[in-house]
Amino acid sequence: MRRIHVGNALSAFGLGFTVPYLYVYVAQVRGLGAMTAGLVLAVFAVAALIVLPFAGRAIVRRGPLPVLLAALVTAAVGAMGLGLAGSSTAVLSAAAALGAGQAVMQPALATMIVDCSTTETRSRAFATQFFLQNLGLGVGGLIGGHLVDTTRVSSFTLLFAIEAAMFLLLAVVMASVRLPHAPKVADAPQSARGSWKQLVGNRAMVQLCVLGFVLFFACYGQFESGLAAYGVEAAGISTSALGSALAANTAMIVVAQFAVLKFVERQKRSRVIAGVGLIWAVAWVVAGYAGLGHGSREMATAAFVSTYALFGLGEAMLAPTVAPLVADLAPTGLAGQYNSAFALVKQLALAVGPAVGGPMGASLHAPYIVTFLLFSLGITYLALRLGRQLTAVQDQPYLVRKRVVARGGAVAEPVAAEA
């Protein structure tokens, strides 16, 4: 588990080097224009949507480690290709490789965490993963910002080379991991076989996927598109203040992650997610004040930064809640399939979110705030509805463990609810 967490931090550190500067690199440094830069970002999403349906099957049949190693090599090739590419075709091809590799890493690493954890340790394991990811992205972005020089292509080539090296280093670290035996699909009972058809028949998982889409659409899908455009156009936020807001989001996650963990893992998961919806609703109200209120520029900036911090608090609550729930809903041997399905939902939301939120945030200021305020309240409704589909073990494993231990029994792994 420690090696897996080190690997997560390394990959996030490498991504932090390049992600904030990708648009500038393609459009200005390479001189390929804004359209090509926009296509690169779209290719990331499309590549993920293409490979994720196959990634789940591969993880189930081959195990997460071989799939992860293949994804890391693919991502390293894509990263290095971006650093050396000088034409639109080369840039888009490299972006497709990097996007596909990054997308497959997520469910593979999540499945490895499931295989190396128990019900008692899973929430803390995913919280640690999320903490290290944000820390790695923040540190990587900070260091990368001091290395780049828009007048020198070689400085960006160095960044992408470092990113590729991080992926390859992660591959070396992961190759040394010896996972405990995890049931494969061949080991599962007959009722657990069947991949996508069986998954779609699981009502709780379907409801969680719908909830996940709304979560990612209303939060992550707005960070660097709609909400940023709204802050600049409606609230008059400067680019430096926008950077401070993003830093406040990361800082809140780093500070709050383990502070909220003990509280979160004792509560019903459905109610924790419902609470996140209410926190994000408050965040959108604060954002509305920043752009639609009549306060000073300083007050608007403070409110906008607070919006991102509130989103970070909600993210810290979700990290030890949603991913372990996906794992507990998966039948024996199909954790990889379920993780890939949820990652696919996330990618869909991240593709649709900016396309919808960007234009609204830039021009339809009041409707934008109202729309996403309602989406946040919808999260609360969908979470409470999901709670009625979950077993006691799935919704509140802490309480069940406490009862078993009090009776002097052994804590068993939960059995997923039948579809």
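Each value, and the rule that gives it
Residues numbered from 1 in each chain as written. Predicted model: local features only at pLDDT ≥ 70, side-chain atom pairs only at ≥ 80, totals over all residues. Heavy atoms only, no water. Helix = DSSP H or I, 4+ residues; strand = E, 2+ residues; numbered from the N terminus. Rg over C-alpha atoms; globule rule 2.2 N^0.38 Å. Contact = heavy atoms within 4.5 Å. Areas by Shrake-Rupley, 256 points an atom, 1.4 Å probe, with all protein chains shown as cover. Lys, Arg positive; Asp, Glu negative; His and termini not counted. Charge placed at Lys NZ, Arg CZ, Asp CG, Glu CD. Patch = residues over 30% accessible without salt bridge, like charges linked within 9 Å, V, L, I, M, F, W, Y side chains within 5 Å. Salt bridge = Lys/Arg side-chain N within 4 Å of Asp/Glu carboxyl O. Axes fitted to C-alpha atoms, helices over the stretch in contact; angles between N-to-C directions. Parallel < 35°, antiparallel > 145°, perpendicular 65-115°, else oblique. Left-handed = near helix turned anticlockwise from the far one by under 90°. Nonpolar A, V, L, I, M, F, W, Y, C, P; charged D, E, K, R; others polar. Disulfide = S-S within 2.5 Å. pLDDT = per-residue confidence, 0-100. Buried < 20%, exposed > 50% of the residue type's maximum accessible area, 1.4 Å probe, protein only. Phe/Tyr/Trp six-rings, centres within 6.5 Å; stacked < 30°, edge-to-face > 60°.

Asks: It is not clear to me how the overall build of the protein should be interpreted in this structure. Could you clarify?
Replies: A tally of helices and strands in the protein yields 18 helices and zero strands. The C-alpha atoms of the protein give a radius of gyration of 21 Å, which matches the 22 Å a tight globule of 419 residues would have. By principal-axis analysis of the C-alpha atoms, the protein measures approximately 65 × 50 × 35 Å. Summarising the internal contacts of the protein: among those between residues at least 6 apart in sequence, 84% fall at separations of at least 24. Accessible surface computed for the protein: about 17400 Å², of which carbon and sulfur atoms make up 66%. Here the protein contributes 27 positively and 14 negatively charged side chains, and the mean placements of these two sets differ by 8 Å.

Asks: What is the right way to read a nonpolar patch on the surface from this model?
Replies: On the surface, Leu135, Val139, Leu142, Ile143, Leu147 and Leu158 cluster together to form a nonpolar patch covering roughly 470 Å² of accessible area. Tracing the backbone shows leucine 147 in helix α6 (residues 119-147).

Asks: Can you walk me through the packing of helix α1 (residues 2-18) against α6 in this structure?
Replies: Relative orientation and spacing of two packed helices are given, respectively, by the angle between their axes and the distance between those axes. Where α1 meets α6, the axes come as close as 6 Å, and the angle between the chain directions of the two elements is 30 degrees. Overall, the two elements α1 and α6 adopt an arrangement that is roughly parallel. α1 and α6 meet at a crossing whose hand is right-handed. Classifying every residue of the contact of α1 with α6 gives 11 nonpolar, 10 polar and no charged.

Asks: Just checking my understanding: could you explain the environment of glycine 358 for this structure?
Replies: Turning to its location among the elements, glycine 358 is positioned in helix α15 (residues 335-363). Expressed as a C-alpha distance, the spacing of glycine 358 and serine 88, which sit 270 residues apart in the sequence, is 24 Å. Among all residues touching glycine 358, those that are not within four sequence positions of it are Ser225, Gly226, Ala229 and Gly353.

Asks: It is not clear to me how the state of the cysteines should be interpreted in this structure. Could you clarify?
Replies: Here a disulfide denotes a covalent bond joining the sulfur atom of one cysteine to the sulfur atom of another. Scanning the model with the defined rule gives zero disulfides in all. No disulfide involves cysteine 219; its sulfur sits 18 Å from the nearest other cysteine sulfur, which is in cysteine 209.

Asks: Just to check I follow, could you spell out the confidence of the model for the protein for this structure?
Replies: The predicted structure's coordinates, where accompanied by low pLDDT, should not be read in detail. Averaged over the protein, the pLDDT score is 83; the fraction of residues at 70 or greater is 91%. Predicted confidence for residues 183-194 stays below pLDDT 50, and this span has 22 contacts to residues more than four positions away or in other chains.

Asks: So what exactly am I meant to see when it comes to the pattern of salt bridges here?
Replies: Close approach of charged atoms allows side chains of opposite charge to pair. Within this structure, the stated rule accounts for three salt bridges. Between arginine 122 and aspartate 328 there is a salt bridge; the shortest N-O distance is 3.0 Å. Separated by 206 residues along the polypeptide, arginine 122 in helix α6 and aspartate 328 in helix α14 (residues 322-329) bring together distant segments of the chain. Note on accessibility: arginine 122 and aspartate 328 belong to one class, buried. The partner of arginine 269 in a salt bridge is aspartate 328, with the nearest N and O atoms 2.8 Å apart. In this pair, arginine 269 is assigned in helix α12 (residues 269-292) and aspartate 328 in helix α14, connecting sequence segments 59 residues apart. When sorted by exposure, arginine 269 lands in the same class as aspartate 328, which is buried.

Asks: For this particular structure, what's the right way to read the packing of aromatic side chains?
Replies: Given two aromatic rings, one states the distance between the centres and the angle between the planes to describe the pair. Scanning the entire structure with this criterion turns up 16 aromatic pairs. The interplanar angle of 25 degrees and the centroid separation of 5.3 Å between the aromatic rings of tryptophan 284 and phenylalanine 372 together place this pair among those described as stacked. Of this pair, tryptophan 284 sits in helix α12 while phenylalanine 372 sits in helix α16 (residues 365-387), and the two are 88 residues apart along the sequence. With respect to class, tryptophan 284 is no different from phenylalanine 372; both count as buried. Site record: aromatic cluster; members linked through ring pairs are Phe213, Phe217, Tyr230, Trp280, Trp284, Phe311, Tyr368, Phe372 and Phe375.

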